[in-house]
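These are the residues of each chain, in order.
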Amino acid sequence: MSLRVAAVNLLKKLRFPASHVFPASTVTTNAFSGKLKLSRWYQAGEHGWRIDLRDPCLWIVISGHVAMTLGISASTVFAEDATTEAYPDNDPGGDLIGLRKIEDGSVVSNIHTAKWRVFTDKAREFFLQGKLDEAEKLFLSAIEEAKEGFGEKDPHVASACNNLAELYRVKKAFDKAEPLYLEAINILEESFGPDDVRVGVAVHNLGQFYLGQRKLEEARVSYERALKIKRRVLGYGHSECSDTMYHLGVVLYLQGKERDAEAFIKDSIRMLEEGGEGESFICIRRLRYLSQIYMNSQQFAEAELVQRKILHVVELSKGWNSLDTVIAAESLALTLQASGNTKDSKEFLERCLNVRKDLLPGDHIQIGANLLHLARVAMLDCSQHKKLDVSRAKAELDMAKNHLHNSIRISCQCLEKVLKQKDKLKKFSKPGDSRKEGQVALAILLQSLNTLSSVELDKQELQEIQEKDINLEAREALLQCISAYKEFVHKRSIADTPEIKKEYLSCLKRAQNLFGHKVDEELSNQNDFR
């Protein structure tokens, strides 16, 4: 059996198992932002470092379904033994005592194979524990063992180079990683030819590397080459083609080529659906990204159709008593809100709130975020009715104000809890998670206070109070917003983020519009935020 046929058969068999579909746990409702901010996908846990498979960015960094005989495995970015998968049990050529025959006709001692695997497996173990320096030494040893046992240009060397390149990518030693990726590709080209599927997968991995650094043109060239090889070898409808098409679509979108990006991403989704993977996590993730593209271009009707499809799939598989379903419904609600359909948006958000109250502690920040969304929908309802039904408009503002007060209370409780447990979490749990929770809570707090000031100003407008009479409640909400930012970011070490900074600057600008240049004076007369 040729290695090319064996590799194709292996690729056809490999899929992500259902256990890789993890519940979402973030406050944000969209799995991806339009700007595709890549994040570090290794985080510390109580048993050491592990891959955070719930991180959406992981699925952009890792090559989806890819499992190359000499490239990466289905569940990690690491390469596997070149020979173990290439020969089935009934292949007499793989049943030599003490020796294993490989494609080029040479005979290699199993001693080198065993040592190569020991170095590789132990390095991967250290890697997943966050012991990167120890892992690096063993990956280097694996490369040396492969070169000594199999030769400088053997596929085992390519596999070991790919592993070390992945480690350097995680360490952000990009100058060390790129030559290793290129060396792996060069070895595979020399061993199997430039159009072999293993070369295509390796080139795809190089595209992932470039995408992680925002080198979009290099990523595009890599993905286009990988797609060309995969189509020729595996056929147009293969899931490997779908995976590369999706990532190519992502790159094109980031380059501002929206129409081409949309076409590639839609085709990649269609291919998954035709292959029976329409309900998979990967397909849902791509649908979410497509909906975000539509939202960013204000194609609300198209975004709504995609969001309804996502909700239908998740609801069928998990029911409504699931945070996955809640987050899918919340995403749809926000899309409906953006399109002006406040009635359906409110119904979905209220249902989400009820489920969250059943599944989560009462002071969970997701409940605070849900209340903030409901308050904003109520404000939209007020805007739609204030000319025809003032009493109803006032009732909507009162409802929004109530939601915001509860959101502010929950955000403050969450922040206090995070800060009180900071030392304990740092020692025994996941500092990354607590830091993110604090950042999210502060962002929700600032948004709620900013929105509360808008509610008070809208009430002032409905009551026809003259503009020269400064609204005390609106002023207080804005000053609290500014004060909260200064306290929690500057004094209590909640890390700043672009979202937090944006909300703070919005509050500051509105306060300056209301008070002129007296903001600092007002703040100096106000106690610290409590």
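What counts, and at which threshold
Residues numbered from 1 in each chain as written. Predicted model: local features only at pLDDT ≥ 70, side-chain atom pairs only at ≥ 80, totals over all residues. Heavy atoms only, no water. Helix = DSSP H or I, 4+ residues; strand = E, 2+ residues; numbered from the N terminus. Buried < 20%, exposed > 50% of the residue type's maximum accessible area, 1.4 Å probe, protein only. Areas by Shrake-Rupley, 256 points an atom, 1.4 Å probe, with all protein chains shown as cover. UniProt positions renumbered as here; feature names shortened; annotations may be inferred. pLDDT = per-residue confidence, 0-100. Contact = heavy atoms within 4.5 Å. Salt bridge = Lys/Arg side-chain N within 4 Å of Asp/Glu carboxyl O. Expected span 1.5 Å × (residues − 1). Core = buried A, V, L, I, M, F, W, Y, C linked by side-chain atoms within 4.5 Å. Domains from an automatic or database assignment. Phe/Tyr/Trp six-rings, centres within 6.5 Å; stacked < 30°, edge-to-face > 60°. Polar contact = N/O pair within 3.5 Å; in protein donor to acceptor, adjacent residues only side chain to side chain. Axes fitted to C-alpha atoms, helices over the stretch in contact; angles between N-to-C directions. Parallel < 35°, antiparallel > 145°, perpendicular 65-115°, else oblique. Left-handed = near helix turned anticlockwise from the far one by under 90°. Nonpolar A, V, L, I, M, F, W, Y, C, P; charged D, E, K, R; others polar.

Turning to the overall build of the chain, a few remarks are in order. The helix and strand inventory of the chain stands at 21 helices and four strands. A buried classification covers 53% of the 530 residues belonging to the chain. Accessible surface, the chain as shown: approximately 24,400 Å² in total, 51% of it carbon and sulfur.

As recorded in UniProt, the feature "repeat: TPR" (unreviewed entry) lies at residues 200-233. As annotated, residues 200-233 has a helix share of 91% and a strand share of 0%, and its two end C-alpha atoms lie 9 Å apart.

Here the focus is the confidence of the model for the chain. On average, the chain scores 77 in pLDDT, and the residues at 70 or more come to 73%. Confidence over residues 1-108 falls short of pLDDT 50; this stretch has 252 contacts with residues more than four positions distant or in other chains. Scored below 50 in pLDDT, residues 427-431 shows ten contacts in the model against residues more than four places distant or in partner chains.

Our focus in this paragraph is unusual backbone geometry. Of note in the backbone geometry, Lys-172 takes a positive phi value of approximately 60° without being a glycine. Counting through the fold element by element, Lys-172 comes out in the loop between α5 (155-170) and α6 (174-192). The exposure class assigned to Lys-172 is exposed, which follows from its relative accessible area of 59%. Residue Gln-298 is not a glycine yet carries a positive backbone phi of 60°. If you trace the backbone, Gln-298 turns up in the loop between α11 (281-296) and α12 (300-318).

Inspection of the entire model under this criterion finds 31 salt bridges. Of the charged contacts in the structure, one is a salt bridge between Asp-133 and Lys-171, with a shortest N-O distance of 3.3 Å. Highlighted residues: Asp-133 in helix α4 (residues 132-150) and Lys-171 in the loop between α5 and α6, separated in sequence by 38 residues. For Glu-240, the salt bridge is made with Lys-230, and the minimal N-O distance between the two is 2.9 Å. Of this pair, Glu-240 sits in helix α9 (residues 239-254) while Lys-230 sits in helix α8 (residues 216-234); the two residues are ten residues apart in sequence, bridging distant segments of the chain. Side by side, Glu-240 and Lys-230 carry an identical accessibility label, which is buried. Salt bridges here are not isolated pairs; linked through shared partners, they connect Asp-133, Glu-136 and Lys-171.

Once that is clear, we can look at α8. With 19 residues, α8 extends 26 Å from end C-alpha to end C-alpha; this agrees with the ideal 27 Å at 1.5 Å per step. Along α8, the positions that sit buried rather than exposed are Leu-216, Ala-219, Arg-220, Ser-222, Tyr-223, Ala-226, Leu-227, Ile-229, Lys-230 and Leu-234. Phi turns positive one or two residues past the end of α8, at Gly-235, with a value near 100°.

Before going further, it helps to spend a moment on the environment of Leu-472. Among the secondary structure elements, Leu-472 is positioned in helix α19 (residues 472-491). In this structure the C-alpha to C-alpha distance between Leu-472 and Glu-456, which are 16 residues apart in sequence, comes to 8.7 Å.

This paragraph deals with the nonpolar core. Counting residues in hydrophobic clusters, the biggest one holds 90 residues, and the most contacted among them are Tyr-289 and Phe-348. Each of domain 1 (278-358) and domain 2 (361-421 + 431-458 + 472-529) accounts for three or more of the residues forming this core. Those residues in contact with Phe-348, other than ones at most four positions away along the chain, are Arg-308, Leu-311, Trp-320, Ala-329, Leu-332, Ala-333 and Leu-336. Among the nonpolar cores identified, the runner-up in size contains 43 residues, and Ala-393, Leu-415, Ala-477 and Ala-484 belong to it.

A separate point is the packing of aromatic side chains. Aromatic ring pairs are reported here in terms of the distance separating the ring centres and the angle at which the planes meet. A full pass over the atoms with the stated rule returns six aromatic pairs. Between Phe-174 and Phe-209, the ring centres sit 5.9 Å apart and the planes meet at 65°, which makes this aromatic pair edge-to-face. Of this pair, Phe-174 sits in helix α6 while Phe-209 sits in helix α7 (residues 197-212), and the two are 35 residues apart along the sequence. According to the relative accessible area criterion, Phe-174 is partly exposed, its value standing at 25%. The interplanar angle of 85° and the centroid separation of 6.0 Å between the aromatic rings of Tyr-253 and Tyr-289 together place this pair among those described as edge-to-face. One end of the pair, Tyr-253, is in helix α9; the other, Tyr-289, is in helix α11, and 36 residues separate them in sequence. Take Tyr-289: its relative accessible area is 1%, and that puts it in the buried class.

Before going further, it helps to spend a moment on α7. Between its terminal C-alpha atoms α7 stretches 23 Å, which fits the 22 Å expected from 16 residues at 1.5 Å a residue. In terms of residue burial, α7 counts as a mostly covered element, since 15 of its 16 residues are buried. Two residues or fewer after α7 comes Arg-214, characterised by a positive phi angle close to 65°.

Along the polypeptide, Thr-335 turns up in helix α13 (residues 323-338). A relative accessible area of 3% means that Thr-335 is categorised as buried. Looking at Thr-335, its side chain comes within polar contact range of the main-chain oxygen of Ser-331, at 3.1 Å. Non-local contacts of Thr-335, meaning those with residues more than four positions away in its chain, are made with Met-295, Phe-300, Ala-303, Glu-304 and Gln-307.

Right, let's talk about the packing of α7 against α9 for a bit. Interaxial distance between α7 and α9 falls to 11 Å at its minimum, and their mutual angle equals 25°. Here α7 lies roughly parallel to α9, going by the angle between them. Judged by the sense of rotation from one axis to the other, the crossing of α7 with α9 is left-handed. Residues Val-201, His-204, Gln-208 and Leu-211 of α7 form the contact with α9, whose participating residues are Glu-240, Asp-243, Thr-244, His-247, Val-251 and Leu-254. Grouping the constituent residues of the contact of α7 with α9 by class yields four nonpolar, four polar and two charged.

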